[in-house]
Amino acid sequence: MCKSKKSTTVVQPTNRNPRRTSSSPSSSNFLSSNSEVPITESRSYVYGGKDKEWSKTSSSSVSSHASLASLKHNLPENPHIYPFSEISTATANFSANRLSSNSFRCSLRDREVVVFQRKFRRQLDLPELRDRLAIICRSHHSSLVKLLGASVSGNCIYLVYEFVPGANLSDCLRNRRNPSFTSLSTWTSRMRVASDLAHGLDYVHNSSGSGSGFVHNHIKSSSIIVSEENFGAKICHFGTSELCGESVGESSETVSGRNLKKSGSRGVRFEGTRGYMAPEFLITGAATQMTDVYAFGVVVLELLSGEEAVRFELEGNDGGYRRVSVVDTAMEAWKEHGGVRKWVDRRLRDSFPMDVAEKMIRVGLDCVGEDPKERPDMGRVSMEVSKLYLESKEWEEKLGTNFDFSVSLAPR
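Residues numbered from 1 in each chain as written. Predicted model: local features only at pLDDT ≥ 70, side-chain atom pairs only at ≥ 80, totals over all residues. Heavy atoms only, no water.

A. Up close: the nonpolar core. Core analysis: the largest hydrophobic core is formed by 78 residues, its most contacted members being Ile-157, Leu-169, Trp-187, Phe-296, Trp-343 and Met-360. Element by element, the count of residues in this core is highest for helix α9 (residues 289-305), at eleven residues. Ranked by size, the runner-up nonpolar core spans twelve residues in total, among them Ile-87, Phe-104, Leu-148 and Cys-156. (Core = buried A, V, L, I, M, F, W, Y, C linked by side-chain atoms within 4.5 Å. Buried < 20%, exposed > 50% of the residue type's maximum accessible area, 1.4 Å probe, protein only. Helix = DSSP H or I, 4+ residues; strand = E, 2+ residues; numbered from the N terminus.)

B. Expanded view of the sheet that holds strand β13 (residues 233-235). Ordered by their spatial adjacency, three strands build an open sheet running β11-β12-β13, and the pairing between neighbours is antiparallel. Lying at the two open borders of the sheet, with one neighbouring strand each, are β11 (166-168) and β13. Each strand axis lies, on average, 30° off the axis of its neighbour in the sheet, ignoring direction. Across three bridges, the pairing between β11 and strand β12 (residues 224-227) is antiparallel. The partner of Ala-167 across the bridge, within β12, is Val-226. (Pairing = 2+ DSSP bridges. Axes fitted to C-alpha atoms, helices over the stretch in contact; angles between N-to-C directions.)

C. Region of the structure containing the sheet that holds strand β8 (residues 112-119). The strand order β5-β9-β10-β8-β7-β6 describes an open sheet built from six strands, whose pairing is mixed. Edge positions in the sheet fall to β5 (80-81) and β6 (98-100), since each has one partner strand and no second. Note: strand β7 (residues 103-107) against β8, five bridges, orientation antiparallel. Bridging from a neighbouring strand, Phe-104 pairs with Val-115 of β8. Sheet contacts for helix α4 (residues 126-137): β5, β9 (147-153) and β10 (156-162); angle to β9, the most-contacted strand, approximately 160°. (Contact = heavy atoms within 4.5 Å.)

D. Examining α9 more closely. Compared with the 24 Å implied by 1.5 Å per residue over 17 residues, the 25 Å span of α9 between its first and last C-alpha is a close match. Counting buried positions over the 17 residues of α9 gives 17, a clear majority of the element. For α9, the N-terminal cap is Thr-288; the gap from its side-chain oxygen to the backbone nitrogen of Met-290 is 3.2 Å. The first or second residue beyond α9 is Gly-306, which carries a positive phi of 80°. (Expected span 1.5 Å × (residues − 1). Polar contact = N/O pair within 3.5 Å; in protein donor to acceptor, adjacent residues only side chain to side chain.)

E. Structural context of the side chain of Glu-302. The topology assignment puts Glu-302 in helix α9. Only 2.8 Å separates the side chain of Glu-302 from the side chain of Arg-174, close enough to count as a polar contact. There is a polar contact of 3.2 Å between the side chain of Glu-302 and the side chain of Ser-221.

F. Representation of the environment of Arg-323 in the model. As for its placement among the helices and strands, Arg-323 is situated in strand β20 (residues 320-325). A relative accessible area of 46% means that Arg-323 is categorised as partly exposed. Those residues in contact with Arg-323 that lie beyond four places of it in its chain are Gly-275, Val-310, Arg-311 and Phe-312.

G. Examining the pairing of β7 more closely. As paired elements, β6 and β7 share two bridges and run antiparallel to each other. Bridging across to β7, Arg-98 finds its partner in Phe-104. Counted between consecutive antiparallel strands, the loop separating β6 from β7 contains two residues. Once β7 ends, the chain turns through four residues before running back antiparallel as β8, passing Arg-109 with a positive phi of about 55°.

H. Representation of unusual backbone geometry within the structure. Residues other than glycine seldom take positive phi values, yet Arg-109 does so here, at roughly 55°. Among the secondary structure elements, Arg-109 is positioned in the loop between β7 and β8.

I. Structural view of the environment of Phe-238. Mapping Phe-238 onto the fold places it in the loop between β13 and α7 (240-243). Exposure remark for Phe-238: the relative accessible area of 3% places this residue in the buried category. Sequence separation between Phe-238 and Lys-146 is 92 residues, and the spatial gap between their C-alpha atoms is 7.7 Å. Non-local contacts of Phe-238, meaning those with residues more than four positions away in its chain, are made with Ile-136, Ser-139, Leu-144, Tyr-161, Val-204, Ser-208, Phe-214 and His-216.

J. Inspection of a nonpolar patch on the surface at higher detail. A cluster of nonpolar side chains, contributed by Phe-312, Leu-314 and Tyr-321, occupies part of the molecular surface with about 370 Å² of accessible area. You can see Leu-314 is positioned in strand β19 (residues 310-315). Of the residues examined, Leu-314 reaches a relative accessible area of 60% and is grouped as exposed. (Patch = residues over 30% accessible without salt bridge, like charges linked within 9 Å, V, L, I, M, F, W, Y side chains within 5 Å. Areas by Shrake-Rupley, 256 points an atom, 1.4 Å probe, with all protein chains shown as cover. Salt bridge = Lys/Arg side-chain N within 4 Å of Asp/Glu carboxyl O.)

K. Broad picture of α4. Here α4 is twelve residues long and its end C-alpha atoms lie 16 Å apart, about the 16 Å a rise of 1.5 Å per residue gives. Counting buried positions along α4 yields twelve of twelve residues, so the element is predominantly enclosed. Of the positions making up α4, those classed as buried are Leu-126, Pro-127, Glu-128, Leu-129, Arg-130, Asp-131, Arg-132, Leu-133, Ala-134, Ile-135, Ile-136 and Cys-137.

L. Here's a closer look at the environment of Val-310. Note that Val-310 resides in strand β19. The exposure class of Val-310 is buried, given its relative accessible area of 9%. For the pair Val-310 and Ser-325, spaced 15 residues apart in sequence, the C-alpha separation works out to 4.2 Å. Apart from residues lying up to four places away in sequence, Val-310 is in contact with Arg-274, Gly-275, Arg-323, Val-324 and Ser-325.

M. Summary view of the pairing of β10. Summarising burial for β10: seven of the seven residues are buried, a large majority. Bridge count for β8 against β10 is seven bridges, and the pairing is antiparallel. Counterpart to Val-115 in the pairing with β10 is Val-160. When β9 meets β10, the two strands line up antiparallel, connected through six bridges. Bridge pairing in β10 links Ser-153 to Cys-156. The hairpin formed by β9 and β10 contains two residues between the paired strands, and Gly-154 there has a positive phi angle of roughly 60°.

By themselves, these are just geometric observations and shouldn't be taken as functional.
As structure tokens, then:
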């Protein structure tokens, strides 16, 4: 307010940065929009190009390009919808820094990432894909490699995950060039991995996204990263089975106004990995949370023994081979008096608490039980493994670390 000698005038201050409001259609929330995109499962959609819009490869047209283009701005926590051309450029047309047959390390938008290429098992329509991507990208857990976004081209989806420096668990346990060496040379380091893995899988099953839970379907030692920073474990490929259309089921739960399959009755049709497939999976080909529990049990037994999930050994002089699984050797060790100590990885030099080791092998064997109804759920497993991890740390603190001799006097 300013005063003059002749008169008093009230001067309204000028707002230099007035807040704008817009009533244009582009500012509406796509998630709450009543308009539907008529897309059927038999059609294929590609997201890419300079205009950053979805285009349909079949003859029918998509009804609202403006609404589709607003997709990435309305997903929770803004997961990226990458143009396919950007993915292709970053990976040098899928030829540079190949980590495996279908994964590539690259730099994308000033961030180190891993691009995972996978074919759709079932073509998802846009609303379903949108909802699943939203749920998975807003899920956070320290034991999961975070999904940043995705791109679609033809019948393939390209999932973009954060890059985690480290090595996969299989390589940490078994160095092919030097079999006597392991990065996980102490008992507590292996218990840390088991605890992280249990908590991560428990989150996937019981706490991720809307709370309905998911099936991971890719649990194995080569899909677990042991980070360089603190030797913690992170589970890779979270959300792959959901976004690739592998899920099938009858019951559903409404999320953001859409129906998503609920994992209590969900099955995932997918080829399994040798050594990690539960007996019922071999019969039905359908993965469930209990088949995830089975695979987790196999990984626990790998951690304890250092053995591969399954291997083939020469038998006799006729050139034949016999199949040896870590589940079978663990069961034999459990039944034999003193067998657990002989079975645990020799590279630990007998430096481990025997009572904890026996409880851990029991956890692993319970998880790989023949009857899926008898297997424990991951909530119970994670609590037990956490307890045993704390007991291992207490044992280490009492005993001290960096021993160069065996603390066990029992014979091998």
